[in-house]
Amino acid sequence: MLDSPLPGFTPWPPAEAELYRSLGYWTGETFSDLLAARAARHPDAVAVVDTAQRWTYAELQTRAQELATGFAELGIRPRDRVLVQLPNIAEFVEVIFGLFQAGALPVFCLPAHRQAELVPIAQASGAVALITCHHHQLFDHAALAETVRGAAAELDHVIVVADRGAAAPAGTVGLDELRRTPGEFPVLDAAEVAFLQLSGGSTGIPKLIPRTHDDYLYSVRRSAELCGLDSGSVYLAALPVAHNFPMSSPGILGALFAGGTVALAADPTPSTAFAAIERFGVTISGLVPPLARVWAERAEAGTPHDLSSLRVLLVGGARCPDELARRIGPALGVTVQQVFGMAEGLVCYTRLDDPEEVIMGTQGRPMSDLDQVAVVDADGAPVAPGADGMLITKGPYTIRGYYNNPEANERSFTAEGWYRTGDVVALRPDGNLVVKGRDGDRVNRGGEKVSAEELEEHLLEHPAVRDAAIVSVPDAALGERTCAFVLATDPAAAPTLAELRKFVRERGVAAWKLPDLVQVVDSFPETGVGKTSRRALRAALSERANR
Ligand code: AMP
Ligand code: DBH
């Protein structure tokens with residue numbers, strides 16, 4: 001066992017860690033221990049299904065251990081970081097449990113990421129390997145992986161889930177070639193970092209979120225309880241499974257914690273997901289609001305698929321309009337559960353037996369009695385009870401710092417260790433939170449977060465752009481969309497939306513970050529703050545855009 005914490009990780013203060021342990025919130029169990037315990041208890045229960053594979057707990061456990069042995073033979077050591085960029089396929093589950101067993105740390109990337117995201121993530125994490133698929137939705141991920149390997153000094157290995165019936169491309173290692181008869185595994189401490197999640201939208205050094213076995217397993221266990229999971233539950237991962245929401249709220253890990261089944265849908269469209277619900281007998285799933293609307297509309301219009309197994313639908317990632325919350329239950333025959341969470345920690349749920357008014361009109365309350373939440377003004381002082389303000393939080397599963405990123409920590413955490421969520425909320429007397437908005441630096445585009453600064457920096461590289469500011473505009477389908485206010489270098493030759501989107505795309509940026517609208521302006525409004533404040537500028541432009 002390694003006796004000092006991972007360099008770059010900020011642990012909880014010892015007194016707090018001791019409290020969480022003494023109360024049994026942190027159990028000392030690792031994710032590998034969890035899988036071993038479930039495989040011992042019900043080896044023949046189905047753990048994972050997709051349209052191509054179906055593994056019992058015993059099979060998942062063996063597969064993960066075979067991979068762990070192969071990872072070690074390849075030279076992947078405990079604490080090494082490994083980028084995982086996989087779509088919703090069963091292999092995702094064996095890969096992450098294989099890495100846990102080897103003591104390596106998955107870094108959860110999304111299939112939509114391109115080199116503009118993956119290269120900085122690889123560099124900031126110091127990853128030694130990247131695990132991806134060959135093709136997904138016609139895109140060549142193996143080629144992208146080679147580009148990333150070329151740009152990240154420490155990234156030695158590209159491991160590929162080959163296309164069906166084909167070999168992995170030359171120069172890469174096929175996942176199936178790695179399997180070895182299980183050998184010895186490192187003994188891990190549950191207080192160790194288990195993986196790195198990504199924070200939505202950031203510039204410069206990506207914000208990597210270190211989660212430990214202790215803290216994350218607690219959040220998974222509590223989520224499984226509050227979402228009513230048991231060994232008969234079948235959780236459908238319809239959103240990209242590497243996201244914190246389908247991973248843990250209660251997500252695939254909640255389903256495995258409960259001894260239930262993880263089902264994976266290749267995409268979240270009603271045609272794919274409804275077929276999966278019928279085929280696998282799905283009981284629970286989670287969606288962002290725009291997708292929940294599409295599912296509800298399709299169900300209302302009539303579907304040939306039998307959705308009667310579905311009992312609970314979680315909705316979160318972005319504000320669910322009250323009108324939509326009221327519509328989902330009757331349309332899909334489910335109990336709606338709102339979830340307001342963040343990969344940094346804090347997760348709030350409405351409870352399944354809450355009054356209608358709470359379920360339809362709030363984003364729920366913290367899941368742990370040891371979660372601390374406060375609503376503060378710009379100076380950090382508490383606002384009047386019930387008033388809007390910035391949410392700050394700390395507790396047994398909210399991180400105390402990003403991985404290896406002192407500048408971001410300075411901004412995002414108070415001296416007392418509270419995480420500044422950036423969310424504007426109101427706290428009701430009954431303890432439920434209503435999310436009112438966000439500070440202006442981030443646009444929530446249907447659950448996918450766009451950093452204003454990041455997109456501005458890409459646009460500023462365009463020769464026809466003299467200055468740019470990204471603001472959020474309301475959108476009926478997505479909740480919010482991005483609008484780029486642009487000052488043209490030559491007003492007679494201002495860039496068009498299509499040009500800017502193509503330009504940003506070619507810089508290797510995930511598709512959801514391309515600007516949705518552009519407004520070319522002659523000048524930016526006076527923000528009255530003397531020194532340029534991007535935040536004040538965005539606020540002033542936002543007023544103009546939304547007037
Ligand atoms: P991330 O930091 O990328 O994990 O994204 C977490 C952020 O998503 C939160 O801080 C909120 O801004 C937003 N979010 C998540 N769930 C909800 C929700 N139910 N309602 C409104 N915003 C949400
Ligand atoms: O948006 C999120 O990051 C999110 C939403 C719902 C999340 O991390 C979660 C639940 O755990």
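Every chain begins its residue count from 1, and numbering advances along the sequence as written. Lettering for chains starts from A, numbering for ligands starts from 1, and both go in the order in which the items are written. Only residues with pLDDT of at least 70 are given local features in this predicted model, and only at 80 or more are side-chain atom pairs given and counted; all residues enter the totals for whole chains, interfaces and linings. Heavy atoms from the whole structure form the basis of all side-chain values; hydrogens and water molecules are not counted.

## Focus on empty space enclosed by the protein
Argument step 1. Note on definitions: the grid is 1 Å and covers protein atoms alone; a cavity is a set of points where a 1.4 Å probe fits but cannot get out; a pocket is an open set with protein on both sides within 12 Å along at least five of seven lines; lining residues have an atom within 4 Å of a point. Grid points are joined across faces, edges and corners, and a volume is the space filled by probe spheres set on the points. Following the criterion strictly, the structure yields 2 cavities of 30 Å³ or more and no others.
Argument step 2. Empty space within the largest cavity amounts to approximately 80 Å³.
Argument step 3. In terms of lining residues, the largest cavity is bounded by 14 residues, among which Gly-103, Leu-105, Leu-188, Val-193 and His-213 are the most central.
Argument step 4. Under the DSSP-based scheme used, a helix requires at least four consecutive residues in state H or I and a strand at least two consecutive residues in state E, with every element numbered from the N terminus. Where the lining of the largest cavity is concerned, the elements lending two or more residues are α4 (90-102) and β10 (193-198).
Argument step 5. Among the residues making up the lining of the largest cavity, the classes are represented as 9 nonpolar, 2 polar and 3 charged.
Argument step 6. Together, Val-450, Ser-451, Glu-454, Leu-455, His-458, Val-509 and Lys-513 line the second largest cavity.
Argument step 7. Elements supplying a minimum of two residues to the lining of the second largest cavity: β24 (448-451) and α15 (452-460).
Argument step 8. Examining the composition of the lining of the second largest cavity, we find that 3 residues originate from one element, α15, more than from any other.
Argument step 9. Under the scheme applied here, ten amino acids are nonpolar (Ala, Val, Leu, Ile, Met, Phe, Trp, Tyr, Cys and Pro), four are charged (Asp, Glu, Lys and Arg), and all others, including Gly, are polar. Considering only residue class, the lining of the second largest cavity consists of 3 nonpolar, 2 polar and 2 charged.

## Some words on helix α11 (residues 289-301)
Three- or four-residue spacings in an α-helix give side chains the same orientation, since the helix completes a turn every 3.6 residues.
Argument step 1. By this rule the span expected of a helix is its residue count minus one, scaled by 1.5 Å. If you check α11, its first and last C-alpha atoms are 18 Å apart, about what 13 residues at 1.5 Å a residue would give, namely 18 Å.
Argument step 2. Relative accessibility under 20% of the residue-type maximum defines a buried residue, over 50% an exposed one, and the middle range a partly exposed one, all with a 1.4 Å probe and only protein chains included. Considered for burial, the residues of α11 that qualify are Pro-289, Pro-290, Leu-291, Ala-292, Arg-293, Trp-295, Ala-296 and Ala-299.
Argument step 3. Residue contacts are defined here by distance: any two heavy atoms, one from each residue, within 4.5 Å place the two residues in contact. The inward-facing, buried residues of α11 abut β12 (234-237), α10 (270-280), β14 (284-287), β15 (312-316) and α12 (322-332).
Argument step 4. Positive phi shows up at Gly-302, right after α11, with a value of about 100 degrees.

## Some thoughts on the packing of aromatic side chains
Argument step 1. Only Phe, Tyr and Trp rings are paired, with Trp represented by its six-membered ring, and only when their centres lie within 6.5 Å; those with planes under 30 degrees apart are stacked, over 60 edge-to-face, the remainder tilted. For the structure shown, the criterion picks out 14 aromatic pairs.
Argument step 2. Seen from their ring centres, Phe-97 and Phe-100 are 5.5 Å apart, and the 90 degrees between their planes marks the pair as edge-to-face. With Phe-97 and Phe-100 both in helix α4, this residue pair falls 3 residues apart, about one helical turn.
Argument step 3. Residue Phe-100 is classed as buried on the basis of its relative accessible area, which comes to 1%.
Argument step 4. Three or more aromatic residues link up through ring pairs in this structure, and these residues are Phe-31, Phe-92, Phe-97, Phe-100, Phe-108, Phe-195 and Tyr-216.
Argument step 5. Only Lys NZ and Arg CZ are tested; either one counts as a charge over a ring when it is within 6 Å of the ring centre and within 35 degrees of the ring normal. The ring of Phe-257 has Arg-38 sitting right over it, with the charged end atom 5.0 Å from the ring centre.
Argument step 6. The ring centre of Phe-139 lies 3.7 Å from the NZ or CZ of Arg-114, which sits over that ring.

## A word on the nonpolar core
Argument step 1. With 166 residues, the main nonpolar core has Phe-92, Phe-97, Leu-236 and Trp-295 as its most contacted residues.
Argument step 2. Broken down by element, the residue count for this core peaks at 8 residues, all from α4.
Argument step 3. Leaving out residues up to four positions away in the same chain, Phe-97 has contacts with Phe-31, Ser-32, Leu-35, Ala-64, Leu-253 and Leu-256.
Argument step 4. Phe-485, Val-521, Phe-524 and Leu-537 belong to the second-largest nonpolar core, a separate cluster that totals 10 residues. The set of buried Ala, Val, Leu, Ile, Met, Phe, Trp, Tyr and Cys residues whose side-chain atoms join them within 4.5 Å is what this entry labels a nonpolar core.

## A word on the layout of surface pockets
Take a probe with the size of a water molecule and roll it over the atoms, and the empty space left behind shows itself.
Argument step 1. One number sums up the size of the second largest pocket: a volume of about 960 Å³.
Argument step 2. Lining the second largest pocket we find 37 residues, and of these Arg-411, Ser-412, Asp-439, Asp-441 and Arg-535 sit closest to its centre.
Argument step 3. Every element with two or more residues in the lining of the second largest pocket is listed here: β20 (388-394), α14 (406-412), β21 (419-427), α15 and α17 (534-546).

## Some points on the sheet that holds strand β25 (residues 465-475)
Argument step 1. With mixed pairing, 3 strands are arranged side by side in an open sheet as β25-β26-β27. Each edge of the open sheet is held by one strand with a lone partner, namely β25 and β27 (517-521). In this sheet, neighbouring strand axes are inclined to one another by 25 degrees on average, regardless of whether the strands run parallel or antiparallel.
Argument step 2. Across 10 bridges, β25 lies against strand β26 (residues 479-488) in antiparallel orientation. Its bridge partner being in β26, Ala-468 is matched across the sheet by Val-486. Only when DSSP finds a minimum of two bridges between them are two strands counted as paired. Lines fitted to C-alpha atoms define the axes here, with helix axes fitted over just the stretch in contact, and angles between the N-to-C directions of these axes take values from 0 to 180 degrees.

## Some points on the pairing of β24
Argument step 1. Burial along β24 is two-sided: Glu-448 and Val-450 facing one way and Lys-449 and Ser-451 facing the other are all buried.
Argument step 2. The pairing of strand β23 (residues 442-445) with β24 spans 4 bridges and is antiparallel. Paired with Asn-444 across the two strands is Lys-449, which belongs to β24.
Argument step 3. Count of turn residues in the β23/β24 antiparallel hairpin: 2 residues, of which Gly-446 carries a positive phi of about 60 degrees.

## Here we look at the environment of Glu-146
Argument step 1. Residue position: Glu-146 is located in helix α6 (residues 141-151).
Argument step 2. Not counting residues up to four positions away in its chain, the partners in contact with Glu-146 are Val-158, Ala-170, Gly-171 and Thr-172.
Argument step 3. Identification of polar contacts relies on pairs of N or O atoms within 3.5 Å, with a donor-acceptor requirement for protein atoms, meaning one able to donate a hydrogen and the other able to accept it, and with residues adjacent in sequence counted only if both atoms are side-chain atoms. Of the polar contacts made by the side chain of Glu-146, one reaches the side chain of Arg-149; its length is 2.9 Å.

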